[in-house]
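Structural description and commentary
For reference, the chains in residue letters:
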Amino acid sequence: MAIYKPRGALSGRAALAAAALAVSACSPLHLFNGIMPKDGGSAQVGSVDYGPLPRQGLDIYAPTKAHAGPLPVIVFIYGGSWNSGDRGGYAFVGRALAARGYVVVIPDYRLVPQVHYPAFLEDNAAAVHWVRQHVRDYGGDPARLVLMGHSAGAYNAAMLAFDPRWLGADRAALRGFIGLAGPYDFLPLAGPETKAAFADTPDLPATQPVNHASADAPPSLLATADKDTLVRPLNSDAMARALTAHGVAVTRVRYPNIGHVGLITSVAKPLRSKAPVLEDAIRFADQVTAQK
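Remember, it's a predicted structure, so these values are computed and weren't measured experimentally.

Some remarks on the pattern of salt bridges
Under the defined criterion, the tally for this structure stands at 13 salt bridges. Linking Arg 252 and Asp 237 is a salt bridge whose minimum nitrogen-to-oxygen distance equals 2.9 Å. With Arg 252 in strand β8 (residues 250-255) and Asp 237 in helix α8 (residues 234-245), the pair connects residues that are 15 residues apart, well separated along the chain. Across the pair Asp 237 and Arg 254 runs a salt bridge, and its minimum N-O distance is 3.1 Å. Within this pair, whereas Asp 237 is found in helix α8, its partner Arg 254 is found in strand β8, the two being separated by 17 residues in sequence. On the basis of relative accessible area, Arg 254 is assigned to the partly exposed category, the value being 46%. One continuous salt-bridge network, built from bridges that share partners, spans Arg 55, Asp 59, Arg 87 and Asp 108.

Here's the deal with the packing of helix α4 (residues 119-134) against helix α5 (residues 152-162)
Geometrically, a packed helix pair is captured by the angle between its two axes and the distance between the axes. The N-to-C vectors of α4 and α5 enclose an angle of 65 degrees; their axes lie 10 Å apart at closest approach. As summarised for this structure, α4 and α5 are arranged roughly perpendicular, according to the angle between their axes. In the crossing of α4 with α5, the sense of the turn from one axis to the other is right-handed. Within the contact between the two elements, α4 uses Phe 120, Leu 121, Asn 124, Ala 125 and Val 128 and α5 uses Tyr 155, Asn 156, Met 159 and Leu 160.

Side note on the confidence of the model for the protein chain
For the protein chain, the average pLDDT comes to 91, and 90% of its residues sit at 70 or higher. Across residues 1-27, confidence stays below pLDDT 50; counting only partners more than four residues off in sequence or on other chains, it has 51 contacts.

Structural notes on the nonpolar core
Within the largest apolar cluster, 96 residues are counted, with the highest numbers of intra-cluster contacts made by Trp 82, Phe 92, Phe 120, Leu 147, Tyr 155, Phe 177 and Phe 198. The leading source of residues in this core is α5, at nine residues. Once residues within four sequence positions are removed from consideration, Phe 198 is found in contact with Trp 82, Tyr 117, Phe 120, Tyr 155, Phe 186, Leu 189, Leu 204 and Thr 207.

Regarding the pairing of strand β4 (residues 103-107)
With respect to burial, β4 is a largely interior element, five of its five residues being buried. Burial along β4 is two-sided: the face carrying Val 103, Val 105 and Pro 107 and the face carrying Val 104 and Ile 106 are both buried. Relative to β4, strand β3 (residues 71-77) runs parallel, the two being bridged by three bridges. Each bridged residue has a counterpart across the sheet, and for Val 75 the counterpart in β4 is Val 105.

Considerations on α8
Here α8 is twelve residues long and its end C-alpha atoms lie 16 Å apart, about the 16 Å a rise of 1.5 Å per residue gives. Buried residues along α8 sit in contact with α5, β7 (220-225) and β8. Positive phi shows up at Gly 247, right after α8, with a value of about 80 degrees.

Some remarks on the packing of aromatic side chains
Aromatic ring pairs: the centre-centre distance and the angle between the two ring planes describe each pair. Within the structure shown, the criterion is met by 19 aromatic pairs. Ring geometry for Phe 76 versus Tyr 90: centroids 5.9 Å apart, planes at 45 degrees, classification tilted. A residue pair is termed long-range when its members are at least 10 positions apart, and Phe 76 in strand β3 and Tyr 90 in the loop between β3 and α3 (91-98) qualify at 14 residues. For the pair Phe 162 and Phe 177, a centre-to-centre distance of 5.3 Å together with 70 degrees between the ring planes defines the contact as edge-to-face. Separated by 15 residues along the polypeptide, Phe 162 in helix α5 and Phe 177 in strand β6 (residues 174-180) bring together distant segments of the chain.

A word on the sheet that holds β8
Overall, mixed pairing links the eight strands, which are arranged β1-β2-β4-β3-β5-β6-β7-β8 in an open sheet. Where the open sheet ends on each side, the last strands, each with one partner, are β1 (42-49) and β8. Within this sheet the neighbouring strands show an average axis-to-axis angle of 20 degrees, counted without direction. Where β1 lies against strand β2 (residues 57-63), seven bridges are found, and the strand directions are antiparallel. Looking at β2, one finds that Gly 46 is bridged to Ile 60. Together, β7 and β8 form the strand contacts of α8, whose direction differs from that of β8 by roughly 165 degrees. Its contacts with the sheet place helix α10 (residues 277-288) against β3, β5 (140-150), β6, β7 and β8, and it is angled at close to 165 degrees to β6.

Thresholds applied
- Residues numbered from 1 in each chain as written.
- Predicted model: local features only at pLDDT ≥ 70, side-chain atom pairs only at ≥ 80, totals over all residues.
- Heavy atoms only, no water.
- Salt bridge = Lys/Arg side-chain N within 4 Å of Asp/Glu carboxyl O.
- Helix = DSSP H or I, 4+ residues; strand = E, 2+ residues; numbered from the N terminus.
- Buried < 20%, exposed > 50% of the residue type's maximum accessible area, 1.4 Å probe, protein only.
- Axes fitted to C-alpha atoms, helices over the stretch in contact; angles between N-to-C directions.
- Parallel < 35°, antiparallel > 145°, perpendicular 65-115°, else oblique.
- Left-handed = near helix turned anticlockwise from the far one by under 90°.
- Contact = heavy atoms within 4.5 Å.
- pLDDT = per-residue confidence, 0-100.
- Core = buried A, V, L, I, M, F, W, Y, C linked by side-chain atoms within 4.5 Å.
- Pairing = 2+ DSSP bridges.
- Expected span 1.5 Å × (residues − 1).
- Phe/Tyr/Trp six-rings, centres within 6.5 Å; stacked < 30°, edge-to-face > 60°.

As structure tokens, this is what we get:
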């Protein structure tokens, strides 16, 4: 994963938020989230701890109108170079996905430098285990899960989806994986963020999602932005080749007119004309969760 200064800026209502994001393209989106109008027909329905440690909490979003039977679940993991971010900046994602008929769970997790690999994966795995045990209480179907993430969050979600060490038997509930600008194949470690998170790991190849592709991996949507200079789209190309070689269904999507930040901010209601990220994600999730 190559890290560079972001180029360009958002326009209109997002201009102020873009200034805050300029320091780090994966920073918490609190300002952006605060000024963005949210999708109607959805609401936050819970905020609970999935573990005893600080940052082991999660928020839950769901549709507000009545529905017959439990709904499929999307667990969204945010990015932040493994050293920043919190769930409070992503209500616009939770509300957008929930308005389309999903129970959405957004967990926090411990960050560098307080922890290093694999602690952030352990936290996200614990959040998924919590979902499997408790999401029915919020109207979700624990047997129909989709993991989704952006940037470092896509890495975390990919490791849970592809490497059976993390979820164990709960991995059988995964219907699909949605990765937005994920770093899946970034050896040798080059930037300070990856070195801080992974340099002390004895087996570096085992940290790479591309090395865990197998025939039992879930169907995957791998999306990238052509103007991304932070996480190179070649990561998703390599991941797609590895999965396809094992016979896994892969949908590879490229958005020509946005960058790394735009891939996630285009999920916000006023910015969807920039790229159909939300529509493509929901179309994929609907397909893989269709069978109960």
